[in-house]
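Here are the chains, one letter per residue:
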Amino acid sequence: MDMTMDDRPGVAEPLRFDTDRGASRSIWIAAAILIALVLWMGSGFVLPAPDDAPVPQAAEAEPASVVVRTSTARPVTLTFQAEGQALPDRDTPLRAEATGDVIELFVGKGDTVEAGQPIARLSSTRAEADLDRAEEEQVRAARELDNAQELRERGVGTADRVAEARASLAAARAQVTTAEQALDDLSILAPFPGRIEMLSLDAGEFVSAGEEVGRIVDNRPLTVAIQVPQQALRRIEDGQSARVNFITGETREGEVTFVGTSASAETRTFLAEIEVANDDGAIPAGISAEIEIPTGETRAHFVSPSIISLGPDGEIGVKTAQDGTVRFHPIEIVRAELRGVWVTGLPETAEIITIGQGFVQAGEEVSPQPADPADLAVAATPEEAR
């Protein structure tokens with residue numbers, strides 16, 4: 001039997017591919033769609049739209065909503081505030097004016113004394129002897145003068161002898177005065193009324209003339225010293241009343257008694273002193289104090305520090321809503337309190353933006369909404385502007 005190559009076993013038949021008419025039809029459809037898209041996109045250049053055709057516009061944004069509070073300026077007392085220190089009216093060391101042994105102490109540390117009251121006394125044996133000798137010399141000199149004058153009257157004496165005797169008597173009298181003063185110096189006396197803050201004397205102790213033996217302080221009245229900056233110097237004058245709040249919790253009224261005219265080279269500030277009555281001596285010297293000095297009155301608005309913002313030039317200010325537009329007003333803080341500050345620079349009546357001021361700028365249109373009554377109560381002035 002005859003067999004062809006194709007009929008032979010083990011010989012593979014070659015692959016044949018026939019064209020799919022459906023696949024070629026899809027290619028023509030895609031090409032037609034592409035041409036239609038190109039013609040549609042180019043139609044705007046070939047056939048431009050008429051000039052009076054409406055142009056679609058984006059919807060205008062509504063003005064930002066902010067919360068405002070109506071504020072009216074009120075009179076407020078301007079004050080200068082500073083930290084100071086209470087100083088005694090007088091504070092001086094006690095010194096021995098003579099040399100000798102302490103024979104008696106009359107007071108102790110912490111005692112209150114009056115002016116001229118004895119504090120201690122030194123031994124007086126030598127001083128009393130010197131006084132006796134000086135008095136005897138004065139008697140002898142006086143007798144010599146009498147004799148010289150009598151001899152001159154008789155014509156046997158001279159004027160020079162009388163002058164010499166008179167000079168001897170004057171020297172003797174000076175010695176008596178010196179001896180009396182030395183005797184008085186043996187007593188250590190209080191130079192002014194005050195309190196003995198320190199006393200380093202004991203009975204029998206030897207002290208030398210000029211040696212410091214104690215310290216006396218007079219804090220009735222007190223003097224509170226403060227430093228006044230250059231820019232506030234013209235606001236402080238002698239005679240102004242001041243309110244002094246001591247760190248111990250006591251409050252006293254005082255008066256400005258001194259304002260310096262020469263600035264400190266280190267701080268460029270001027271010393272000022274306020275005198276405070278302390279008749280009972282209850283307020284000790286050396287403690288800290290806060291001073292408030294009324295310096296005038298102005299009209300200002302009370303605002304919360306949280307609504308204060310910075311302007312384009314870095315100045316502080318407050319934003320208001322005026323006729324639906326944001327306005328920025330530079331301000332000056334004239335007085336600070338616990339719950340807010342008093343500021344100037346705003347109109348007499350202003351719609352202050354209290355919520356949303358950080359999201360709007362000057363010149364923008366806004367939709368102001370009145371503040372809630374509860375918020376207004378919280379933002380009210382905590383105390384009258386005295």
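Rules used in this analysis
Residues numbered from 1 in each chain as written. Predicted model: local features only at pLDDT ≥ 70, side-chain atom pairs only at ≥ 80, totals over all residues. Heavy atoms only, no water. Core = buried A, V, L, I, M, F, W, Y, C linked by side-chain atoms within 4.5 Å. Buried < 20%, exposed > 50% of the residue type's maximum accessible area, 1.4 Å probe, protein only. Helix = DSSP H or I, 4+ residues; strand = E, 2+ residues; numbered from the N terminus. Contact = heavy atoms within 4.5 Å. Pairing = 2+ DSSP bridges. Patch = residues over 30% accessible without salt bridge, like charges linked within 9 Å, V, L, I, M, F, W, Y side chains within 5 Å. Areas by Shrake-Rupley, 256 points an atom, 1.4 Å probe, with all protein chains shown as cover. Salt bridge = Lys/Arg side-chain N within 4 Å of Asp/Glu carboxyl O. Lys, Arg positive; Asp, Glu negative; His and termini not counted. Charge placed at Lys NZ, Arg CZ, Asp CG, Glu CD. Expected span 1.5 Å × (residues − 1).

Asker: Any chance you could explain the nonpolar core here in plain terms?
Answerer: A general tendency of soluble globular proteins is for nonpolar side chains to be buried together. Counting 25 residues, the largest nonpolar core has Ile-119, Ile-188, Ile-196, Leu-201, Val-207, Val-213 and Ile-216 as the members making the most contacts within it. Within the residue set of this core, elements represented by two or more residues are β5 (118-122), α3 (125-154), α4 (159-184), β7 (194-199) and β9 (212-229). If we skip the residues at most four places from it in the chain, Val-207 touches Ala-96, Ala-98, Thr-99, Gly-100, Val-102, Leu-122, Leu-201 and Val-213. In terms of nonpolar packing, the next biggest core, distinct from the first, is built from 22 residues, Leu-222, Val-244, Phe-246 and Ile-283 among them.

Asker: Honestly, unusual backbone geometry in this entry has me stumped. Any pointers?
Answerer: Cis geometry is adopted by the peptide bond preceding Pro-221, which originates at Arg-220 and carries an omega value of 10°. Within the fold, Pro-221 resides in strand β9. Phi at Arg-268 is positive, roughly 55°, even though this residue is not glycine. Along the chain, the position of Arg-268 falls in the loop between β11 (251-259) and β12 (269-276).

Asker: What should I look at first to understand the pairing of β12 in this one?
Answerer: Regular strands have side chains that alternate between both faces of the sheet. For β9 and β12, the ladder comprises eight bridges, and the chain directions are antiparallel. Looking at β12, one finds that Leu-222 is bridged to Val-276. Where β11 meets β12, five bridges bridge the pair, whose relative direction is antiparallel. The partner of Phe-258 across the bridge, within β12, is Glu-273.

Asker: Can you walk me through the environment of Ser-187 in this structure?
Answerer: Mapped onto the secondary structure, Ser-187 falls in strand β6 (residues 187-189). The spatial distance from the C-alpha of Ser-187 to the C-alpha of Arg-121 is 4.3 Å, given a sequence separation of 66 residues. Setting aside chain neighbours within four positions, we find Ser-187 in contact with Ala-120 and Arg-121.

Asker: Looking at this structure, how should I read a nonpolar patch on the surface?
Answerer: On the surface, Ile-29, Ile-33 and Leu-37 cluster together to form a nonpolar patch covering roughly 290 Å² of accessible area. Within the secondary structure layout, Ile-33 lies in helix α1 (residues 21-41).

Asker: It is not clear to me how a negative patch on the surface should be interpreted in this structure. Could you clarify?
Answerer: A cluster of acidic side chains, namely Glu-128, Asp-132, Glu-135, Glu-136, Glu-180 and Asp-184, defines a negative patch on the protein surface. For the negative patch, the elements supplying multiple residues, two or more each, are α3 and α4. Among the elements that make up the negative patch, the one with the highest residue count is α3 (four residues). Inspection of the secondary structure puts Glu-135 in helix α3.

Asker: What exactly am I supposed to notice about α4 here?
Answerer: For an α-helix, 3.6 residues make a turn, and residues three or four places apart therefore share a direction. Taking 1.5 Å as the rise per residue, α4 with 26 residues should run 38 Å; its terminal C-alpha atoms sit 38 Å apart, in good agreement. Every buried residue of α4 is accounted for by Val-162, Ala-165, Leu-169, Ala-172, Val-176, Ala-179 and Leu-183. Here the buried face of α4 lies against β5, α3 and β6.

Asker: Just to check I follow, could you spell out α3 for this structure?
Answerer: The first and last C-alpha atoms of α3 sit 44 Å apart over 30 residues, in line with the 44 Å expected at 1.5 Å per residue. Listing the buried residues of α3 in full gives Ala-127, Leu-131, Ala-134, Ala-141, Leu-145 and Ala-148. Those residues of α3 that are buried lie in contact with α4. Of the residues flanking the end of α3, it is Gly-155, one or two places downstream, whose phi is positive at about 95°.

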